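A look at the structure
Spelled out, the chains give:
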Amino acid sequence: MITYNEQSRRFAIITENSSYFMCIDEDMRLRHLYYGERIENPDEVSFELPFIKGILKPGTHFPFKAEFITKEKTQFLEPCLFVEFDDGTRDCQLVYKSHTIEKTETGEKLSIVLCDRFYKFEVVLNYVLYNGLNLISKNTVIRNTGEKEVKLTKMKSGTMYPEWNRPMRLMHMAGRWGAEYQKKYMDLTQGKFTIDNTRGNCASHQHIPFFAIDEGDATETKGNVWYGLLHWSGDFKIDFELNYDNQLVVSAGVNDFDVCVTLKENEEFETPLFTMGFTDSGYEEMSRELYDYQYDYLLPEEKIKQEFPIIYNTWYPYELEVNEEKCLGFIEKAQYIGAELFVIDDGWFGRRKDLTDGLGDWWCDKDKFPNGLKPIADKCHSMGMKFGLWVEPEMVNKKSDLFKEHPEWVLSFPNRENTEIRNQCVLDLSRDDVLEFVWETVDKLISDYDLDYVKWDMNSYITETTVHTRDMRIKYIKNLYEVWRRMNEKYPHVLFENCAAGGSRADYGMAPYSDRINRSDNSDPVDVLKIHEGFSTYILPRLAGGAGNVATSPHHLNGRIVPLKYRAHLGMTGSMSVGINLLKASKEEIEEIKYYVEEYKKVRHIAQDAYLYRLSSVYTSNVAVWEYLKRDKKSALVFMFANGMNFRDSVPRVKLRGLSGDKLYKVTGEHYKIPETFMEAPKERYMHGDALMNFGIRIEPMGDYDSLVLRIDEVE
Ligand code: DGJ
């Protein structure tokens, strides 16, 4: 519910469990008042920060909680907006002008218009509420209403002010290629801490535009947590600034690094969404809320209801060395083990014998596929399987025909060599002709080969940029979204996987267009435990993709040997794909893979429509236990993965969450045995929700790399 009180000039955004208050002060500035646990009446909340008068001229205040921080007067905090007007003034004093509150199809929207005290310049702050959720999505429209040009060198989406004068602990995710989404916790002290990225074309492997703040004591199930996500897949910047009054302000938006946006008369700049939430019930509730948001609002409605097919992909078995014979051989084997979608990954196009050539030439390599790709597509379709292809349309190799035709399309500087990460150059997608080329390329491939799935990869950060424009970094990402929007609009039944050298685009900017996200190129089962826990903290587990998340063993990254059962169980926790070379696998191995694929198909409707509860976190325990509770709460799966076990460690009973205490449940699972020397657990038992949640189930992992899956179903 959004309200405005004319008398007290206070705005209130109230959800089931949170309140967000702002007010217009005596100088017509928009101040933030409160964000936290639900309070009904905004008039009962006072200004929090010391408010000292008398030292400075009237109308000048010590820093206050500006709802949208600009560089002005005594405001020394990191600004959301830095403007340079035509006469050289680099200062922006925003005051309230008007506002609207409207009901929308999905909730409510508040728009507050602020304008500069002198210059013809407006900033519109939008707040979107979603029915049934405790989230607020903010964004900002910055508009030049005057005749003269203005320059923007900082243009963030907005701020968040968690509780004042309390310990503030930050949780963010950091990492690198093959080690994405590693959760980090730190206590904030006076000063500024930033998570950001300047690699240009992705939110990055190194940082995720996501954070959570608690008061140092929150757990999975208890404590106040403020959290936020920026819907942006390029350079972003989130600053956490704890000032000398012990007030934390978080500001999030596109990065100000190497960017200048010029607005001519009547031009505007719209910032990405910044979605934030508050819960008093710990981190698990945060994830649950974000899952609801994705299921009900963010992701394509029809596709999210369907089960995602099991993939067999050529990357891990053959990398670039794909050809017609191997692919035709694979299809039958893939179908035999139960895969439903066959994907030719990198290597099928141009003169792609190695990584130095091919990118940009999106025609089929006749040396590898003398009859084109049609026989492969037709064979898949005739066998009832889907067919998909890998592309990397934002890139070009210098040896390609495309580079010879359009060297000017490559991002580069005069007098500088292109860095060529992975031997490739980045096309300047901020150009409209490149946007059209990229769109026509994928459009043609999808229709020519009747594709059911496209894996769109991106394997090089932006190094050299361009001298032609200073807003390339922003326009690039907006054009990227435009191609993905067109793909989704024209081909609503095609499945799209967003891949960026593993997971460098696992963010809410790309998520609305992505049916699957490559979580990581690292498929080692033990590493994946941490990677998946990070990923699924803010993204639905069903989106967790990758070329083969039922991995090979020994693993190619570290030589680790892990049983197939463990690898297959782990494959069930995301979007299953098989990365084992079926042409080389033994008969026994093939039969075992087939068995687990069949098992997964029996429970996929639960795993892909569930909340993930971290009953025992891999970050703090050598036994990870994850509960996948179906959204209707009538069934659940419990996955257990042991690693790093010592001294016959025994494990605390697994206490489930989210069930109905008075309902009876059937618990099945062949693996929840207590070692045979003691006693055999029954294959099936009945327990009420209260016992499952308060007493729990005893499990006894048999040392390293033991795993199990339990199924819990409400008995009608
Ligand atoms: C990186 C991706 O993450 C992999 O899955 C694979 O598609 C390779 N690129 C292909 O070059």
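Taken as a whole and assessed by the stated rule, the structure comprises nine cavities of 30 Å³ or more. Of the pockets and cavities examined, the second largest cavity occupies roughly 90 Å³. Considering the residues around the second largest cavity, the lining is formed by Arg 29, Leu 30, Phe 64, Ala 66, Glu 67, Phe 68, Thr 70, Glu 72, Cys 92, Leu 94 and Leu 114. Classifying every residue of the lining of the second largest cavity gives seven nonpolar, one polar and three charged.

Attention now goes to the sheet that holds strand β27 (residues 495-498). In space, the eight strands of this open sheet follow the order β29-β28-β27-β26-β23-β22-β21-β30, with parallel pairing throughout. In this open sheet, the two edge strands, each paired with only one partner strand, are β29 (544-545) and β30 (577-578). Where β27 and strand β28 (residues 516-518) come together, two bridges link them in parallel fashion. Bridging from a neighbouring strand, Asn 498 pairs with Ile 517 of β28.

Moving on to the domain arrangement of the chain. What the domain assignment lists for the chain is domain 1 (2-50 + 61-298), domain 2 (303-608) and domain 3 (614-714). Here domain 1 and domain 3 have C-alpha centroids that lie 40 Å from each other. Contact residues are listed per partner, giving 11 residues for domain 1 and four residues for domain 3. Between domain 1 and domain 3, a total of about 740 Å² is buried, with carbon and sulfur atoms accounting for 35% of that surface. Of all residues in domain 1, Lys 183, Glu 220 and Glu 284 give up the largest surface area on contact with domain 3, accounting jointly for 52% of the area buried on that side. On the surface where domain 1 and domain 3 come into contact, there are eight residue pairs in polar contact (both at pLDDT 80 or more). Elements supplying a minimum of two residues to the side of domain 1 that touches domain 3: β12 (182-187) and α1 (282-298). Top element by residues in the side of domain 1 that touches domain 3 is α1. It accounts for six residues. Looking at the side of domain 1 that touches domain 3 residue by residue, the classes come out as three nonpolar, three polar and five charged.

We now examine the site of the ligand. Around the ligand, a shell composed of 13 residues is seen, among which Asp 345, Asp 346, Lys 455, Asp 457 and Asp 521 lie nearest. The side chain of Asp 345 places a nitrogen or oxygen atom 2.7 Å from an oxygen atom of the ligand. For the ligand, a nitrogen atom lies 2.6 Å from a polar atom in the side chain of Asp 457. Look at the ligand: alone it shows 290 Å² of surface, and the protein chains cover 99% of it. Per-class residue counts for the shell around the ligand are four nonpolar, three polar and six charged.

Moving on, we come to the pattern of salt bridges. Scanning the entire structure with this criterion turns up 63 salt bridges. Put simply, Glu 340 and Arg 604 hold a salt bridge, and the shortest N to O gap is 2.9 Å. With a gap of 264 residues between them, Glu 340 in the loop between α4 (324-337) and β22 (341-344) and Arg 604 in helix α11 (residues 587-607) connect regions that are remote in the sequence. Linking Asp 524 and Arg 560 is a salt bridge whose minimum nitrogen-to-oxygen distance equals 2.8 Å. Separated by 36 residues along the polypeptide, Asp 524 in the loop between β28 and α9 (525-538) and Arg 560 in the loop between β29 and α10 (564-571) bring together distant segments of the chain. Taking the relative accessible area as the measure of exposure, Asp 524 reaches 0% and is therefore buried. The structure contains a network of salt bridges with shared partners spanning Glu 78, Lys 154, Lys 156, Lys 192, Lys 237, Asp 239 and Asp 256.

Here we take up the layout of surface pockets. The space that makes up the largest pocket amounts to roughly 500 Å³. Forming the boundary of the largest pocket are 19 residues, of which His 231, Leu 273, Tyr 481, Pro 512 and Tyr 513 lie nearest the centre. Of all the secondary structure elements, the ones that give two or more residues to the lining of the largest pocket are α1 and α8 (472-490). Here the residues of the lining of the largest pocket sort into 11 nonpolar, four polar and four charged. When residues of the lining of the largest pocket are sorted by domain, at least three fall in each of domain 1 (2-50 + 61-298) and domain 2 (303-608).

Quick look at the packing of aromatic side chains now. Applying the stated criterion to the full structure yields 42 aromatic pairs. Here Arg 653 stacks its cationic end above the ring of Phe 695, 3.8 Å away from the centre of that ring.

Of all the eight residues making up strand β4 (residues 30-37), seven are buried; the element is thus mostly covered by neighbouring parts of the structure. Sheet topology note: the strand β3 (residues 18-24)/β4 ladder contains seven bridges and is antiparallel. Bridge pairing links Ser 18 to Glu 37 in β4. Between β3 and β4, which follow one another and run antiparallel, lie five residues, and Met 28 among them has a positive phi close to 70 degrees.

Taken together, four strands build an open sheet; the order of strands is β1-β2-β3-β4 and the sheet is antiparallel. Every other strand in the sheet has two partners, leaving β1 (2-5) and β4 as the edge strands with one partner each. Each strand axis lies, on average, 15 degrees off the axis of its neighbour in the sheet, ignoring direction.

What follows is about the nonpolar core. Judged by nonpolar contacts, the single largest core of 222 residues is most densely connected at Phe 121, Phe 342, Ile 344, Trp 348 and Tyr 538. Setting aside residues up to four positions removed in sequence, Trp 348 forms contacts with Val 322, Trp 362, Trp 363, Cys 364, Asp 365, Phe 369, Leu 373, Leu 389, Trp 390, Val 391 and Leu 445. Counting seven residues, the second largest nonpolar core, distinct from the first, contains Ala 12, Ile 14, Phe 21 and Leu 33.

Once that is clear, we can look at the pairing of strand β32 (residues 623-630). Along β32, eight of the eight residues are buried, which leaves the element largely enclosed by surrounding structure. Of the two faces of β32, the one carrying Val 623, Val 625, Glu 627 and Leu 629 and the one carrying Ala 624, Trp 626, Tyr 628 and Lys 630 are both buried. As judged from the six bridges shared by strand β31 (residues 610-616) and β32, these two strands associate in the antiparallel manner. Across the sheet, Ser 616 pairs through a bridge with Val 625, a residue of β32. In sequence, β31 turns back onto β32 through a hairpin of six residues. Taken together, the seven bridges between β32 and strand β33 (residues 635-642) define a ladder with antiparallel strand orientation. Bridging from a neighbouring strand, Tyr 628 pairs with Leu 637 of β33. In sequence, β32 turns back onto β33 through a hairpin of four residues, with Lys 633 there showing a positive phi of about 65 degrees.

Reading the values: the criteria
- Residues numbered from 1 in each chain as written.
- Predicted model: local features only at pLDDT ≥ 70, side-chain atom pairs only at ≥ 80, totals over all residues.
- Heavy atoms only, no water.
- 1 Å grid on protein atoms, 1.4 Å probe; cavity = no way out; pocket = protein on both sides within 12 Å on 5 of 7 lines; lining within 4 Å.
- Points joined across faces, edges and corners; volume = space filled by probe spheres on them.
- Nonpolar A, V, L, I, M, F, W, Y, C, P; charged D, E, K, R; others polar.
- Pairing = 2+ DSSP bridges.
- Helix = DSSP H or I, 4+ residues; strand = E, 2+ residues; numbered from the N terminus.
- Domains from an automatic or database assignment.
- Contact = heavy atoms within 4.5 Å.
- Buried area = accessible area lost by both parts, 1.4 Å probe.
- Polar contact = N/O pair within 3.5 Å; in protein donor to acceptor, adjacent residues only side chain to side chain.
- Near = heavy atom within 4 Å.
- Areas by Shrake-Rupley, 256 points an atom, 1.4 Å probe, with all protein chains shown as cover.
- Salt bridge = Lys/Arg side-chain N within 4 Å of Asp/Glu carboxyl O.
- Buried < 20%, exposed > 50% of the residue type's maximum accessible area, 1.4 Å probe, protein only.
- Phe/Tyr/Trp six-rings, centres within 6.5 Å; stacked < 30°, edge-to-face > 60°.
- Lys NZ or Arg CZ within 6 Å of the ring centre and 35° of its normal.
- Axes fitted to C-alpha atoms, helices over the stretch in contact; angles between N-to-C directions.
- Core = buried A, V, L, I, M, F, W, Y, C linked by side-chain atoms within 4.5 Å.

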